[in-house]
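# Breakdown of the fold
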Amino acid sequence: MSNDANSISYRGMSSDNIKGLVLALSSSFFIGASFIVKKKGLKKAGASGVRAGVGGYSYLYEPLWWTGMITMIVGEIANFAAYAFAPAILVTPLGALSIIISAVLAHVILRERLHIFGVLGCALCVVGSTTIVLHAPQEREIESVREVWDLATEPAFVFYAVLVIATVLILIFRYVPQYGQTHIWFYIGVCSLVGSLSVMSVKALGIALKLTLSGMNQLTYPQTWVFAMVVIVCVLTQMNYLNKALDTFNTAVVSPIYYVMFTSLTIVASVIMFKDWDRQNPTQIVTELCGFVTILSGTFLLHRTKDMTDGSMVASRLAKHGNEDGFGDEGIPLRRQDSSRTP
């Protein structure tokens, strides 16, 4: 029995999984680096124009900011390609590595000191990611986009998709107008719920493109274009409400909450649609969940301590910004930052 379990675990790291892993790691590097490059561009633009945090757009004329944006696009393309080769349960949690890269580069390039507990958070993310990589399920063999469509139209996933869409519509039309500016959960909830559907569609579209490039044209199937339309609608909705969240609340609060909700819902959606756990034994599933919890712990710890240097320095910096213009580090009113912590 143990030999069978070991063989299943070994087969999990197939050649496709390895390709997906390399692409996901590349994506994390490019996206993590892009934050630093864009921040340097924002600082340079803010020194000679109106800061982005108070409504300025001078950064659009800054080449350094555009370099960061192009770097992020390259990272997103690599992430898109990763879903074509590896299961979402492997690719999505590895997004936490971009946080580590961003924190390390900020420490080296921007001289933003990384607290000792931030280093511990990075280590936890690496341990959790390694655990998931070593126990990831083998990618399902799919020979046509119609197979993905069949998976997407099974009763279980249809129920999940309908539930997500109904919840999103209720949030958008009933709760967001009333509570969006004071409770972070509503903006992030819309982003995360829609994001879980967008990842499934991205994976379906990625598989279609991979098969097309290998000689089996999938562009003639209407299902491919349906998935493409779903991707466009979901991504635009996601970006809209994520921008609202970032504009309203502190990034240090938005990022970890969004990561946890988005990743958790994406894994649930993948388990329902692609039945990832059907190809694994209980030990592997529990190990993956432990790895995921470890990543979550590291992410929260890293975000919680990334601005901690010396307590007096933090207090004086906040006081300075509060006295000068009533704005925090990112151009967000401190009063609103406090309200974002209210459940």
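Residues numbered from 1 in each chain as written. Predicted model: local features only at pLDDT ≥ 70, side-chain atom pairs only at ≥ 80, totals over all residues. Heavy atoms only, no water.

Per an unreviewed UniProt entry, the protein is named Probable magnesium transporter, and its organism is Sesamum indicum. Here the protein is described in UniProt, under the heading Function (unreviewed entry), as follows: "Acts as a Mg(2+) transporter. Can also transport other divalent cations such as Fe(2+), Sr(2+), Ba(2+), Mn(2+) and Co(2+) but to a much less extent than Mg(2+)." Reading the Subunit (unreviewed entry) entry of the UniProt record for the protein gives the comment "Homodimer." (UniProt positions renumbered as here; feature names shortened; annotations may be inferred.)

Looking now at the overall build of the protein. Within the protein, the regular secondary structure consists of 14 helices and zero strands. Going from the N terminus to the C terminus, the protein shows its helices and strands as α-α-α-α-α-α-α-α-α-α-α-α-α-α. When burial is assessed residue by residue, the protein has 44% of its 343 residues classed as buried. Of the roughly 17300 Å² of accessible surface on the protein, 67% is carried by carbon and sulfur atoms. (Helix = DSSP H or I, 4+ residues; strand = E, 2+ residues; numbered from the N terminus. Buried < 20%, exposed > 50% of the residue type's maximum accessible area, 1.4 Å probe, protein only. Areas by Shrake-Rupley, 256 points an atom, 1.4 Å probe, with all protein chains shown as cover.)

Quick look at the environment of Ile 89 now. Checked against the element boundaries, Ile 89 lands in helix H4 (residues 88-91). Separated by 177 residues in sequence, Ile 89 and Thr 266 have C-alpha atoms that sit 7.8 Å apart. Not counting residues up to four positions away in its chain, the partners in contact with Ile 89 are Ile 132, Pro 137, Ile 267, Ser 270, Asp 276, Trp 277 and Glu 288. (Contact = heavy atoms within 4.5 Å.)

Attention now moves to the side chain of Ser 144. Residue placement: Ser 144 occurs in the loop between helix H6 (116-134) and helix H7 (145-152). Taking the relative accessible area as the measure of exposure, Ser 144 reaches 10% and is therefore buried. At 3.1 Å, the side chain of Ser 144 forms a polar contact with the backbone nitrogen of Arg 146. (Polar contact = N/O pair within 3.5 Å; in protein donor to acceptor, adjacent residues only side chain to side chain.)

Moving on: a nonpolar patch on the surface. Taken together, the side chains of Phe 29, Phe 30, Ile 70 and Val 74 define a hydrophobic patch exposed on the protein surface, amounting to about 350 Å² of accessible area. Going through the elements one at a time, helix H2 (15-48) and helix H3 (63-85) are the ones with two or more residues in the nonpolar patch. Within the fold, Phe 30 resides in helix H2. (Patch = residues over 30% accessible without salt bridge, like charges linked within 9 Å, V, L, I, M, F, W, Y side chains within 5 Å. Salt bridge = Lys/Arg side-chain N within 4 Å of Asp/Glu carboxyl O.)

Residues Glu 141, Glu 143, Glu 147 and Asp 150 make up a contiguous surface patch of negative charge. With respect to the element layout, Glu 141 can be found in the loop between H6 and H7. (Lys, Arg positive; Asp, Glu negative; His and termini not counted. Charge placed at Lys NZ, Arg CZ, Asp CG, Glu CD.)

When its volume is computed, the second largest pocket comes out at roughly 450 Å³. Ala 161, Ile 165, Leu 197, Ser 201 and Val 230 are the residues nearest the centre of the second largest pocket, which is lined by 23 residues in total. Elements represented by at least two residues in the lining of the second largest pocket include exactly H7, helix H8 (155-179), helix H9 (184-213) and helix H10 (222-248). Among the elements that line the lining of the second largest pocket, the one with the most residues is H8, at nine residues. Considered class by class, the residues forming the lining of the second largest pocket number 20 nonpolar, three polar and no charged. (1 Å grid on protein atoms, 1.4 Å probe; cavity = no way out; pocket = protein on both sides within 12 Å on 5 of 7 lines; lining within 4 Å. Points joined across faces, edges and corners; volume = space filled by probe spheres on them. Nonpolar A, V, L, I, M, F, W, Y, C, P; charged D, E, K, R; others polar.)

Their axes nearest at 10 Å, the elements helix H5 (residues 96-108) and H6 cross at an angle of 150°. Judged by the inter-axis angle, H5 sits roughly antiparallel to H6. Both H5 and H6 take part in a crossing whose hand is left-handed. For the pair H5 and H6, the contacting residues are Ala 96, Leu 97 and Ile 100 in the first and Cys 122, Cys 125, Val 126 and Ser 129 in the second. (Axes fitted to C-alpha atoms, helices over the stretch in contact; angles between N-to-C directions. Parallel < 35°, antiparallel > 145°, perpendicular 65-115°, else oblique. Left-handed = near helix turned anticlockwise from the far one by under 90°.)

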